Amino acid sequence: MVFSSLFFVFFFLVLNIISQVVLRNPRHKNIAMLIFSLVFYAWGGPRYLLLLMGMAAICWVGALRIEQTRTKNGHKAAMIITVAACLAILGIFKYTGFFLTTFKKFTGLPEIIPQIALPIGISFYTFQLISYVVDVYRRDTEAQHKYWMLLLYASLFHQCIAGPIVRYKDIASDLEKRTTKTGEISRGVSRFAIGLAKKALLANGCATLADTLLTGTAAEMATVPATGVMLSSLAYMLEIYLDFSAYSDMAIGMGLMCGLHYRENFNYPYISRSVTEFWRRWHISLSMFFRDYVYIPLGGSRCSLGRQIFNLLVIWSLTGLWHGASWNFVIWGLGYGVLLMIERYIIGRDRWNKVPAAISRPVVLLIVYVGWIIFRFTDRASLEVVLKGLFCMNGNAFYSTSVGITFKNYIFFLIFCCVACTPFGVKLMEKIRGAVSGKERLRSVLAVWDVIYPTLLLVLSAMALAGDSYNPFLYFRF
Amino acid sequence: MNYTDEHETEHDIKTNDRNDILHTKAWLTQSSAADEDDILHTETPASWDGVRLDALQELSARRKQWEKKRESRERHLTEVSGLLRIRLFIIVLFVFFVIGLVWPARPDTSVLEKRKLTEFPTFTTESFLDGDFFSGISTWYADTYPLRESMIAGFMKFKNLYGIRSEQLIRRDSTAARENIPASADESVLATSSDASDKTETSVSVSVDAPQNTEATENAGAGNTADAGNAADAGNTADTQNTEDAANTADAGNTEDTEDTTVAAMDLQGDIYISGNNGYGLYYFHQDQADQMISTFNQIYDKIHDKANMYLMIVPNGSAVELNKATLESLGANYDGDAINYIYSGLEDGIKTIDVCTALKDHKNEYIYYHTDHHWTQLGSYYAYRAFCSVKGITPHELSEFTETDYPGFLGSYYSESNQAPALASNPDTVHTWKPNGTNDMTFVSADGTKTNWWIIGDVSNADASTKYDAFTGGDNPFSYAHNDAIQDGSSVLVVKDSYGNAFIPWLVDHYENIYWIDPRYDTTDTVSKLESEYGIDDVIYECSIYNGTTTVLQDAYAAIGQ
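Only a predicted model underlies this, so the values are computations on that prediction, with no experimental measurement involved.

Remarks on the domain arrangement of chain A
Many structure descriptions define interface size as the accessible area lost when the parts assemble. All names here are of chain A. Structurally, chain A comprises domain 1 (6-178) and domain 2 (184-273 + 355-467). The C-alpha-based centres of domain 1 and domain 2 are spaced at 29 Å. Contacts between the two partners involve 13 residues from domain 1 and, on the opposite side, 16 residues from domain 2. Elements that contribute at least two residues to the side of domain 1 that touches domain 2 include exactly helix H1 (6-22) and helix H7 (168-177). Along the lines of polarity and charge, the residues of the side of domain 1 that touches domain 2 split into six nonpolar, four polar and three charged.

Here it is, written out as structure tokens:
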């Protein structure tokens, strides 16, 4: 099930809210939440529910074992075994095909590559569970003694299939206590509505634009005019941020509605002035995961230069691979790694920070733009055609009337989406609030707006979803 | 945006606190610029000498109290507005939830989109395990949601804000890519076409194995390389489809809706271009399809040329007539006129082709195509009829000889396929009709064999806005006929047509005693053999739109008719 569907918003979520309002006892609330989450997950094929439950069971046992063996020094082994088991499962389901295909290229073996369907959300919940096990090992949190509570954490429908990667220690107390405050629910409502609208109106619109302009086989894409390729890539760049951050917004919003506090996952990445900054603002929960559970254990930046470079390369190829089992993701990730190293060791962060924003921002945006093109096409032929197409190197035209029409049809929409990627809206509202404070009448207008805008966005999103001709789910690879 | 309001209040509180401290300090050091605040003003001491320190402290305490009150009032306000926000949101969410629960209000067909809506999935262990059952429920829920069509229409109006929408392209054909059209079907092409005809014959022989099933050929033909086994499989699939279709038709029950909705929607393929308030269908040429069409019609001609005269008219899209070639090519599409000429150039000389495209272009400024639908108007078909008359060598009737009736308020396929583009909604069509003089009575035979008496020009004033083109011959039916008593020479015509033909049939009524028309998209093999043997047809007119003609679906259907 996806958040951006009429069925989820008007059926599943309503029933979920009713259950959370009617049930008073936190334990009952949690049981209801677990049932809803399991149904939600099962919607994509109940088979994989067993995998999720199994992995949660492994980590549940593993963490308990860590706790028990702590005095006897066996806890490190318990942690390693548990994490290795999780990674093995992730590896089998996500990377078998990829590794065998690559292996076959060099050795010609094996003959048949097994087709394993990727269980939805596996990368998200595996990482969540790993973070739990490691945190128990590090004594950052206590092990959860109830299996079903750990399963609830792993399967919680707010974030199970599209992030953010929530740490157990961040929501452990929320899960036990579940206090809800009007202010938080109200914030949750508007956050959810904003997320829904971001997905249904903006991201889906960008997706339509991106995919109508540039679609099909490599040969078909070779005829698309350069401006078409550029516009499509721009739309894709907008889509991927709006879509992804919309899911996080909806997750955070729904969390607030029932007293669960998730951390922010995006912080306007497209206004970054350096690649380092971009990755501090983009998919924060993933970067933090790699920082805390891979980079720092490897020694981080407090070691020799050679080791540092090695660490960075490991981190960035893993980041790439996490996004999909395909070489283009590795290239995409390593590319960022290399750029980060250039920024850190060759240019120097201080020197780069002195570059005026008017130059550094466009440079970063251009890097990100090219990055998303590499990210978008998993097969090499298509990627080559598209990259060449940008410069009319396929013998394609520069411009065509139909590209012009499409651009004109979406011009205000595109401007709006670009602005929506910046904190401009938030800043503007702050200004307005500052300006109207003390002016009673304007204040009441603003108060009315505050009350109704989430509902307006909900209705508008519902209308957009009703047409639902284009509503892609981007995270099936993750 | 949502979390700023709280930040904002926090920020306010902080500044207030700071101001408070500053103010108190100012008072204590007897800064005269105390405040403009009303409460403080009234209590401003007259002179510093007479003021005791505790009074000052009292003042500052009062001020603090007042600030606290204001704070709590603000908090209260945010609390109230937060509560209202939650309530409003939940109420609206709940209203949508309840609407979604009203089972009887859920439609099973969409008249506007001319399709059967998704059915509630049937439960099987397999579909349950792989998730199809659940995803089926989601699709069913959204597809049959009671307010769906009005919600889409509303959203399309909203989308007008997205940009300058004086011109729009609605992409429906994902494989749309223009091929160059050769000037004529030269020998090399004919060689390949005879190659293609071999393949068609194979597929035809398969259709003999699977009798009563024209669509079996369609599928077999679609994959030219398909071996017999595959073709048989295709036949099976088609078989199930046919049964389903038949069931659908039976479901519809109501006479006016007996046409199979899924078939009727097949007419419109390709992308839609909207310029101003007019819709146009775009055509993409595919040489293999065109060549196969040539070979299909040549084969038909070989079979029937000693029995009847064979006429062929390929009807172009409105875009070919009303827009110029350069515009079409700049949109990445092909000019239908060239494609039609190419096909005509490859046909046997004995086939009497009617150059509809030129005939229509002479009247391009008249109302010959609908703006919101892909069909030509009856006026458009009138000019095609005049062209037919000149090929046949008879005198056409003048338009003034017929009685005209108009049915306004037609919003056709471009409107529904563009997801209800507001530009088209603002420009609804009028269906102008001219009744034949000889007779307006006809009979149609539905897919299940039932005969229904109908009108050649029916009254559609009360029909749904999207179905008004059904004024002509009651829409598409497998087989229909009319008898004109005013003519007693035994002359008979058979029209093998798609839906464009519906508007054309009325003009023929005053020239023949017996008028038969069949729609090859239905299973009509039986009918055709009967027609040939029992009724003695003089003229066979093949009418197809450029898209249908070059689509394998129809070609194979035509091929089957030629048997």
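After presenting the structure, the write-up continues.
Observations concerning the nonpolar core
Grouped together as the largest cluster of nonpolar side chains are 133 residues, with contacts concentrated most on Leu6, Cys59, Leu129, Val133, Leu196 and Cys206 of chain A. Ranked by residues supplied to this core, first place goes to helix H10 (residues 226-257) of chain A with 18 residues. Beyond its immediate chain neighbours, meaning those up to four positions away, Leu6 of chain A contacts Ala462, Leu465 and Ala466 of chain A together with Tyr141, Ala142 and Tyr145 of chain B. Core analysis: the next-biggest nonpolar cluster, separate from the first, contains 91 residues, Ala290, Ala384, Leu411 and Phe479 of chain B among them.

Comments concerning the sheet that holds strand E14 (residues 514-518) of chain B
Residues and elements named next belong to chain B. Reading across from one edge, E7-E6-E15-E13-E14-E12-E10-E11 is the order of the eight strands in this open sheet, with mixed pairing throughout. The sheet is open, and its two edges are formed by strand E7 (352-354) and strand E11 (451-455), each paired on a single side. Taken pair by pair, the neighbouring strands of this sheet meet at an average axis angle of 20°, ignoring direction. Across five bridges, the pairing between strand E10 (residues 441-445) and E11 is antiparallel.

Some remarks on the sheet that holds strand E5 (residues 278-281) of chain B
Residue and element names in this part refer to chain B. Judged by pairing direction, the sheet is antiparallel, and its three strands sit side by side in the order E3-E4-E5 without closing on themselves. Lying at the two open borders of the sheet, with one neighbouring strand each, are strand E3 (167-170) and E5. Ignoring which end each strand starts from, the neighbouring axes of this sheet average 20° apart. Where E3 lies against strand E4 (residues 272-275), four bridges are found, and the strand directions are antiparallel. Within E4, the residue paired with Leu169 across the bridge is Tyr273.

Structural notes on the interface of chain A and chain B
Opposite the 60 residues of chain A that make contact, chain B presents 55 residues. Among the elements of the structure, H1, helix H8 (182-213), helix H18 (401-420), helix H19 (424-436) and helix H20 (440-467) of chain A are those that each provide at least two residues to the side of chain A that touches chain B. Here the side of chain A that touches chain B gets 14 residues from one element, more than from any other, and that element is H20 of chain A. Of the residues assigned to the side of chain A that touches chain B, the class counts are 31 nonpolar, 20 polar and nine charged.

Observations regarding the pairing of strand E12 (residues 479-483) of chain B
Residues and elements named next belong to chain B. Sheet analysis places E10 next to E12, joined by three bridges and oriented antiparallel. Opposite Val445, over in E12, you have Phe479 as the bridge partner. Of the strand pairs in this sheet, E12 and E14 are connected by five bridges, and their pairing is antiparallel. In the sheet register, Phe479 faces E14, and the bridge partner there is Ile518.

Quick word on helix H13 (residues 305-322) of chain A
Owing to its 3.6 residues per turn, the α-helix brings residues three or four apart onto one side. Residue and element names in this part refer to chain A. With 18 residues, H13 should reach 26 Å at 1.5 Å per residue; the first-to-last C-alpha distance of 26 Å fits that figure. Buried residues of H13: Asn311, Leu312, Ile315, Trp316, Thr319, Gly320, Leu321 and Trp322, and no others. Those residues of H13 that are buried lie in contact with helix H5 (122-137), helix H12 (284-295) and helix H14 (327-347).

A word on the confidence of the model for chain B
Residues and elements named next belong to chain B. The pLDDT averaged across chain B works out to 75; a share of 70% of its residues lies at or above 70. Scored below 50 in pLDDT, residues 1-46 makes 47 contacts in the model with residues more than four places away or belonging to other chains. Low pLDDT, under 50, characterises residues 187-266; the stretch is placed with 124 contacts to residues that sit more than four places away or in other chains. Overall fold confidence (pTM) sits at 0.77, and the ipTM for the predicted complex is 0.90.

Cut-offs applied
Residues numbered from 1 in each chain as written. Chains lettered and ligands numbered in written order. Predicted model: local features only at pLDDT ≥ 70, side-chain atom pairs only at ≥ 80, totals over all residues. Domains from an automatic or database assignment. Contact = placed C-beta atoms within 7 Å. Helix = DSSP H or I, 4+ residues; strand = E, 2+ residues; numbered from the N terminus. Nonpolar A, V, L, I, M, F, W, Y, C, P; charged D, E, K, R; others polar. Core = buried A, V, L, I, M, F, W, Y, C linked by C-beta atoms within 7 Å. Buried ≥ 20, exposed ≤ 12 C-beta atoms within 10 Å, placed from the backbone. Pairing = 2+ DSSP bridges. Axes fitted to C-alpha atoms, helices over the stretch in contact; angles between N-to-C directions. Expected span 1.5 Å × (residues − 1). pLDDT = per-residue confidence, 0-100.

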